[in-house]
Amino acid sequence: MATLSPSVTIHDPLTGRGGRGDRPPISDGGNGNGGNGSSPDFIRRLRRARVGFFILAVWVSMLFISFTSAYVVRKDLPSLNQNTNQLGKDWIPVDLPVSLLVVNTVLLVGSSVTIEFARRKVAQRMALAPVGAIPGIAIGREKTNLWLGITAALGVAFIIGQWLAWGELNNRGFYVASNPSSSFVYVLTATHAVHLMGGIVALIYAICASLLRKAIESRRIVIEIAAWYWHFMAALWIYVFALLAFVR
Amino acid sequence: MATTATVHAHAAPQGFIRRYIFSLDHKIIGLQYYFLALSAVFVGMLLSVLMRVHMVWPTASIPLLGDIKPETYVMLVTMHGTIMVFFVLTTAPQGGFGNYFLPIQIGAPDMAFPVLNMLSFWTTFVSFMVMLAAFFVTGGAPNHGWTGYAPLSAVPSAAPGEGLGADLWIISIAIFCIASLMGALNFITTILDLRAKGMTLMRMPLTCWSWFITAILGLLAFGVLLSAGILLLLDRNIGTSFFVPGGLNFTGRLAFPPGGLSSSTTPITHNGGSPLLWQHLFWFFGHPEVYIAILPGMGVASQLLSTFARKPIFGYKAMVYAIMGIGILGFVVWGHHMFMSGMSPYTAFSFSIMTMAIGVPSAIKTFNWLGTLYKSRIRLQTPMLYAISFVSLFVSGGLSGPFLAQPVLDIPLHDTAFVPAHFHLIMGVAAIFGMFGGTYYWFPKMFGRMMNERLGQIHCILTLVGTYAIFMPMHWLGEAGQPRRYSQFTELAYLQKLLPMNEFITYAALITVAVQFIFVFNLFWSMFKGPKASDNPWEATTLEWTTSTPPPHDNFGGKTPVVNHGPYEYSVPGAPKDFIMQTDPPTAPAH
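Residues numbered from 1 in each chain as written. Chains lettered and ligands numbered in written order. Predicted model: local features only at pLDDT ≥ 70, side-chain atom pairs only at ≥ 80, totals over all residues. Heavy atoms only, no water.

Attention shifts here to the side chain of Thr542(B). All names here are of chain B. Looking at where Thr542 falls in the secondary structure, it is placed in the segment after α17 (499-529). At 2.8 Å, the side chain of Thr542 forms a polar contact with the side chain of Glu544. In contact with Thr542, not counting residues within four places along its chain, are Gln105, Pro205, Gln303, Tyr441, Pro567, Met581 and Gln582. (Helix = DSSP H or I, 4+ residues; strand = E, 2+ residues; numbered from the N terminus. Polar contact = N/O pair within 3.5 Å; in protein donor to acceptor, adjacent residues only side chain to side chain. Contact = heavy atoms within 4.5 Å.)

Take a look at the structure:
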């Protein structure tokens, strides 16, 4: 004699890559219904946010491209030695704290993985939202914020690591103004760190959006863009690291 | 969830502050930009008048200001250039008209990111305030020109204005870069993503095309300027050596940052930096910036010529590709500003060829404008007068370009009045005429009233004659060897005979500046007393003329326009009227 059926718990489904969790269908000319339970308004907002992200990425890239070009040009410039009154190179290759920077790189790449988990969790969550609305069906606890928090913590750890690397550079005698090479190390790493802090602010905003019970669609967009930005920051760091390590 | 309003995310706000100060409405933001530029242009104009007066009467004492010392003169040069380039030529055509009319012209309810749009304006405003603050700090505004050439700009002890004033200048420019990023982000996303149904890229009015390409140029150029500015600030305040060469000697002392170096750094002198590096970074931004100033003017001129000639624009696609061509070539010609820097003749040659190649798309545009006018039934209303004047100025200013594009001619002419004559005509006055034309043309849509035609015509003719009277003789002064940027040259024997010409220019400048008050009077008087405008007073075809005057908060009153026609369908054979609105139902046969 079954009396009360227990409430069914559905666990997060394993949506495939490129499935509906990953990539929303492109709306037809802006007015069509995207299907999958997501409103055309959401698709349009998501697409708009993505276009905006790409434009931002172009701008940030231009900033680093011009730093790179200045770096490469300055590296090979002869300069006047005031003691001997002769032209010579004044570029002293920086003795980078490589092992520390490798640890930082691992932290940042790791955070890139964790934010990808967050991005997929929120996408699944959104796909499940209609199911969750059926009475008697509880969908498992949401883990998006957990991954977002881990990512933010790893980001902070990376910045602390960069700070330690600066201290190590100081110990080795490379100050901001000691040599053009060290100036560039500080400029590139600091500019990257400032941009990463922007990413951390975005993560905190995403967590707050969840705590404030914002609509899942808005949260999805925020997390989506934050994730793409975070991946971009990780790639940018690898580029900066490679530039400093190999073009000396 | 699915039924949230897709058109306008934010409702029309009620309070004064939300509605007019921190407004999210692109129309209000456009007007804010416009009036910011209008105030900036008067500051810039005042500075230029002081310069002209000082050039001819160097000993004259100015009320409130006293004698103009040489460092005051270069300060005037710097601030005139900076304010005009950044806060007028970059701000009004793109931020002002672009913000107001881009969404309406493509049938969108607002910009893609309204909050970002508001932030963009207020960041620009802060940037302008910081720039103006440079006047009031010890030492005054910087002396390094709008190009900020190092090492003058990189060493605080180099000149009186290079202390705090120069820091404020750089910070202001850096803030402006951020503001411009937010603007470009909005413009590009809006055009790519918010076009109404049927508004294909090749059905966009040429104004939208020019705002689009301008936004892309700004996106690519301002990041470079920001990076250069960061390096310059470090050179000035931390003691790095990006731009300051070693062994530099200013006023008998080796160059040190003020107040010594901080305790955490090893005190060293500047060593081995390259002033040329600054020039490369600056002009990589600076040349696209020139097109940022002039492209929207070209767009407005195309729009106006077609409307008032009652003819489709001649060669629409060619116009679009010419805008793109100018944009792309604009990024590979920065070296022509640096022929004087001792660059290799081979490098100079390639920059020279690329520069002259810009003549091709520019000529395409010019001939298409003339082709539009040819055998047309011109309505000579005020906006049209400005559009025609724009073409005239663009040609006159443009023709001296190929001269300066050649190193052999540029080297003798570079530091003479020839160069200011050239760039004032083409990027200064021509762009300003684009804005005037835009103001007279769109005023009825923005304020619901017409501007006074008679005053507009008088203003146009006098300004056109006045600016030619100012800048044409400057070419001749330059060829005669009058140097630019000199605070005083009346004592030089070989320049004595040029003094009457300089006096003529100064009088012309004073009169032209006075004439601008006709415009300001017309603007504000018509806002309240002008005759009421209909929805489409010019019988134009683009989307802004389909909506009511002034446009409602969401631009089209809850409806989404559907576009069936190209932007310039005038005098179509067989059509009932001599123009077909873009939203008119499609004509039955395809052709």
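Here the narrative resumes.
Residues and elements named next belong to chain B. With 32 residues, helix α7 (residues 206-237) should reach 46 Å at 1.5 Å per residue; the first-to-last C-alpha distance of 45 Å fits that figure. Burial analysis of α7 places 27 of its 32 residues in the buried class, which makes it a mostly covered element. Gly239 lies just past α7 and shows a positive phi near 95°. (Expected span 1.5 Å × (residues − 1). Buried < 20%, exposed > 50% of the residue type's maximum accessible area, 1.4 Å probe, protein only.)

A few words on the confidence of the model for chain A. Confidence in the prediction of chain A, expressed as mean pLDDT, is 83, and 83% of residues score 70 or more. When the criterion is pLDDT under 50, residues 14-37 of chain A qualifies, and its contacts beyond four places in sequence or with other chains add up to 29 contacts. (pLDDT = per-residue confidence, 0-100.)

What follows covers the nonpolar core. Grouped together as the largest cluster of nonpolar side chains are 244 residues, with contacts concentrated most on Phe86(B), Phe222(B), Phe243(B), Trp369(B), Phe390(B), Trp442(B) and Phe519(B). Looking at this core, the element that brings in the most residues is helix α8 (residues 275-309) of chain B, giving 20 residues. Those residues in contact with Phe222(B) that lie beyond four places of it in its chain are Trp59(A), Phe86(B), Thr90(B), Phe176(B), Cys177(B), Ser180(B), Phe285(B), Glu289(B) and Ile292(B). (Core = buried A, V, L, I, M, F, W, Y, C linked by side-chain atoms within 4.5 Å.)

This paragraph deals with the interface of chain B and chain A. Taken together, the contact between chain B and chain A spans 47 residues of the former and 34 residues of the latter. Interface of chain B and chain A: buried area, both sides summed, is about 3400 Å²; carbon and sulfur atoms make up 71% of it. Applying the counting rule to chain B against chain A returns 2 salt bridges. Between Asp193(B) and Arg48(A) there is a salt bridge whose closest N-O contact spans 4.0 Å. Listing elements by their share of the side of chain B that touches chain A, those giving two or more residues are α6 (164-193), α7 and α8 of chain B. Among the elements that make up the side of chain B that touches chain A, the one with the highest residue count is α7(B) (10 residues). Its residues placed into classes, the side of chain B that touches chain A shows 27 nonpolar, 19 polar and 1 charged. (Buried area = accessible area lost by both parts, 1.4 Å probe. Salt bridge = Lys/Arg side-chain N within 4 Å of Asp/Glu carboxyl O. Nonpolar A, V, L, I, M, F, W, Y, C, P; charged D, E, K, R; others polar.)

With their axes 9 Å apart at the nearest point, helix α1 (residues 40-75) of chain A and α6(B) run at an angle of 140° to one another. With respect to each other, α1(A) and α6(B) are oriented oblique. Considering the relative orientation of α1(A) and α6(B), their crossing is right-handed. Every residue of α6(B) that contacts α1(A) at Arg44(A), Arg47(A), Arg48(A), Val51(A), Gly52(A), Ile55(A), Leu56(A) and Trp59(A) is listed here: Cys177(B), Ile178(B), Leu181(B), Leu185(B), Ile188(B), Thr189(B), Leu192(B) and Asp193(B). Split into classes, the residues belonging to the contact of α1(A) with α6(B) amount to 10 nonpolar, 2 polar and 4 charged. (Axes fitted to C-alpha atoms, helices over the stretch in contact; angles between N-to-C directions. Parallel < 35°, antiparallel > 145°, perpendicular 65-115°, else oblique. Left-handed = near helix turned anticlockwise from the far one by under 90°.)

Bringing a nonpolar patch on the surface into the picture now. All names here are of chain A. On the surface, Val109, Val113, Phe117 and Ile238 cluster together into a nonpolar patch covering about 320 Å² of accessible area. Ranked by residues supplied to the nonpolar patch, first place goes to helix α2 (residues 98-132) with 3 residues. With respect to the helices and strands, the residue Val113 is situated in helix α2. (Patch = residues over 30% accessible without salt bridge, like charges linked within 9 Å, V, L, I, M, F, W, Y side chains within 5 Å. Areas by Shrake-Rupley, 256 points an atom, 1.4 Å probe, with all protein chains shown as cover.)

All names here are of chain A. Taken as a whole and assessed by the stated rule, the structure comprises 19 salt bridges over all chains. Its salt-bridge partner being Glu224, residue Arg50 comes within 2.5 Å of it at the nearest N-O pair. Separated by 174 residues along the polypeptide, Arg50 in helix α1 and Glu224 in helix α5 (residues 216-246) bring together distant segments of the chain. Note on accessibility: Arg50 and Glu224 belong to one class, buried. For Glu168, the salt bridge identified is with Arg172, shortest N-O distance 3.0 Å. Each of the salt bridges in this network shares a partner with another, and the network as a whole consists of Arg50, Glu116, Arg119, Arg120, Arg220 and Glu224.

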